[in-house]
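# Fold and geometry: a report
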Amino acid sequence: MFKPVALAFVSSLLLSACGGNPFIDTPVDPTDPTDPKAPVSVDPKVAVDLRAISYDPSGGGALRVDMDGLVGSAKNVEFVRDAARDIEGYQAFTYQERRTQRSYIALVADNPAATGRSTLRAAAVSDGGQFNRHFGGGTFARIDLYSAPTGQFSYAGTYAGVFAPGDASSDLPDGLVANTPYRVQGDALINANFINSKVDGGVDNRWLLDAAGDRIDLNADGLVNDEDKLAAITFPMMDITANGQFLGDVEFSAAPNTPPGSTVIGNVNGVFGGLQASDVAGALVIHPTGNAGIWEHGVFNLPQCGTAGESPLCNPGAP
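Residues numbered from 1 in each chain as written. Predicted model: local features only at pLDDT ≥ 70, side-chain atom pairs only at ≥ 80, totals over all residues. Heavy atoms only, no water.

## Focus: the overall build of the protein chain
Along the protein chain, the regular secondary structure elements total one helix and 15 strands. Taking all 319 residues of the protein chain together, the buried fraction comes to 51%. By element, 53% of the accessible surface of the protein chain is carried by carbon and sulfur atoms, the whole surface being about 14000 Å². (Helix = DSSP H or I, 4+ residues; strand = E, 2+ residues; numbered from the N terminus. Buried < 20%, exposed > 50% of the residue type's maximum accessible area, 1.4 Å probe, protein only. Areas by Shrake-Rupley, 256 points an atom, 1.4 Å probe, with all protein chains shown as cover.)

## As for the packing of aromatic side chains
With the rule as written, the count across this model stands at nine aromatic pairs. Ring centres of Phe163 and Tyr182 lie 6.2 Å apart, and the angle between their planes is 45 degrees; this geometry places the pair in the tilted category. Of the two residues, Phe163 sits in strand 8 (residues 152-168) while Tyr182 sits in strand 9 (residues 179-193), which places them 19 residues apart along the sequence. The class for Phe163 is buried, based on a relative accessible area of 0%. Look at Tyr182 and you get buried, because its relative accessible area is 3%. Considering the side-chain rings of Phe246 and Phe272, the 5.6 Å spacing of their centres and the 55 degrees angle between planes classify their relative orientation as tilted. A residue pair is termed long-range when its members are at least 10 positions apart, and Phe246 in strand 12 (residues 245-252) and Phe272 in strand 13 (residues 264-273) qualify at 26 residues. Take Phe246 and Phe272: they sit in the same class, and that class is buried. By way of ring pairs, the aromatic residues Phe153, Tyr155, Phe194, Phe246 and Phe272 are connected into one cluster. (Phe/Tyr/Trp six-rings, centres within 6.5 Å; stacked < 30°, edge-to-face > 60°.)

## Some remarks on the pairing of strand 5 (residues 104-110)
In terms of burial, strand 5 is a largely internal element, seven of the seven residues being buried. Sheet topology note: the strand 5/strand 6 (residues 120-127) ladder contains seven bridges and is antiparallel. Looking at the pairing, Ala109 lines up with Ala122 of strand 6. (Pairing = 2+ DSSP bridges.)

## Some remarks on the side chain of Thr263
By the element assignment, Thr263 lies in the loop between strand 12 and strand 13. Given a relative accessible area of 19%, Thr263 falls into the buried group. Ignoring any residue separated from it by four or fewer positions in sequence, one finds Thr263 in contact with Val250, Glu251, Phe252 and Thr258. (Contact = heavy atoms within 4.5 Å.)

## Brief notes about the confidence of the model for the protein chain
Across the protein chain, the average pLDDT comes to 86, with 87% of residues at 70 or higher. In this model, residues 1-34 is a region of pLDDT below 50 whose contacts with residues beyond four sequence positions or in other chains number 82 contacts. (pLDDT = per-residue confidence, 0-100.)

## Digging into the state of the cysteines
All told, the structure shown has one disulfide when counted by the stated rule. What pairs with Cys305 in a disulfide is Cys314, and their sulfur atoms sit 2.0 Å apart. With the S-S dihedral at roughly -75 degrees, the linkage between Cys305 and Cys314 falls on the left-handed side. For the residue pair Cys305 and Cys314, the accessibility class agrees, reading buried in each case. (Disulfide = S-S within 2.5 Å.)

## Quick notes on the environment of Ser58
Tracing the sequence through the fold places Ser58 in the loop between strand 1 (50-56) and strand 2 (62-67). In this structure Ser58 comes out as partly exposed when scored by relative accessible area, which is 46%. Within the local environment of Ser58, its side chain forms a polar contact with the side chain of Asp56, the two groups lying 2.7 Å apart. (Polar contact = N/O pair within 3.5 Å; in protein donor to acceptor, adjacent residues only side chain to side chain.)

## Brief notes about the sheet that holds strand 11 (residues 233-239)
A barrel is described by the order of its strands in space; here eight strands give the closed sequence 8-9-10-11-12-13-14-15, paired in antiparallel fashion. The mean angle between the axes of side-by-side strands here comes to 25 degrees, regardless of whether they run parallel or antiparallel. In this structure, strand 10 (residues 198-209) lies alongside strand 11, joined through five bridges in antiparallel fashion. What sits directly across from Val203, in strand 11, is Ile233. (Axes fitted to C-alpha atoms, helices over the stretch in contact; angles between N-to-C directions.)

## Side note on the sheet that holds strand 3 (residues 77-81)
Strand order in the open sheet formed by seven strands is 1-2-3-4-5-6-7, with antiparallel pairing between adjacent strands. Looking along the sheet, the strands with just one partner apiece sit at the ends: strand 1 and strand 7 (136-142). Ignoring which end each strand starts from, the neighbouring axes of this sheet average 25 degrees apart. Pairing geometry for strand 1 and strand 2, over six bridges, is antiparallel.

## Some words on the pairing of strand 7
Judged by how many residues are buried, strand 7 sits mostly within the fold: seven of seven residues are covered. What you see with strand 7 is no split at all: Gly136, Gly138, Phe140 and Arg142 on one side and Gly137, Thr139 and Ala141 on the other are buried throughout. The pairing of strand 6 with strand 7 spans seven bridges and is antiparallel. Looking across to strand 7, one finds that Ala123 is bridged to Thr139.

## Description of the pattern of salt bridges
Per the counting criterion, the structure on display carries 13 salt bridges. For Arg98, the salt bridge identified is with Glu97, shortest N-O distance 3.2 Å. Residue Arg98 is classed as partly exposed on the basis of its relative accessible area of 47%. Since its relative accessible area comes to 28%, Glu97 is described here as partly exposed. When salt bridges with common partners are traced through the structure, they connect Arg51, Asp66 and Asp68 into a single cluster. (Salt bridge = Lys/Arg side-chain N within 4 Å of Asp/Glu carboxyl O.)

Set out below in structure tokens:
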């Protein structure tokens, strides 16, 4: 059961973060008109402690992580595939060198297999906290060509997040134990206008999941119902760059008369990929409850509505 945790996590972990594309990809011909105009980069606000990730999707998936902090005995730590913690469209990996040390979860998504495309990759990773600090971050990359369309489009699908703190990973005393983070699953929708180069979106139906994948009784009333959802979040309007990227605030979803920026809880950073921007991916870092000691590192990788692999969210019925 989730309990409010008073861990005094550091309010900012930006000093060790770095930008740049953390995935090693085959260079493309810069003369091709569908190639990106500039390399994709991840903003330090979202990369936070994550320096680089190396992911191989073959053979069920393999992941190595290079992250600032107490992560492991090597610079590039090999995480263990943990299919029991998968979230729809996202492969889960875990790492804990010893039960006395930090416990990590990483969630990685190439485009869902149903799209038949391989255009974007995105990931989020975090430990669950120990000794008043946690280490985490998010990243994304293009793995194929990109071109921008003309018009307005929607993108929808599953969102996944890593939530710190979580449950104790051992029976060490509370002041010593390393926590294993929870996971978050939600429904994401992003709308983009490539005529005016603007994008916005959000995530709702945000459920906190325990190690078994069960929804958590967040308010501890003995029932699991809609009152246990995490608050919906929104990405207010952002600019799309010439390279198809965007960066902006994350806010709690609120009534239109709420003053702009009054509910900011973090940042989101993303990129469009594929021919005619067939897909969008990105990562975020937020305080999901508004408490500075609670963190969520999230990731999304969504197909464009009307393309192969589109989500049922693309065709809502009338109220």
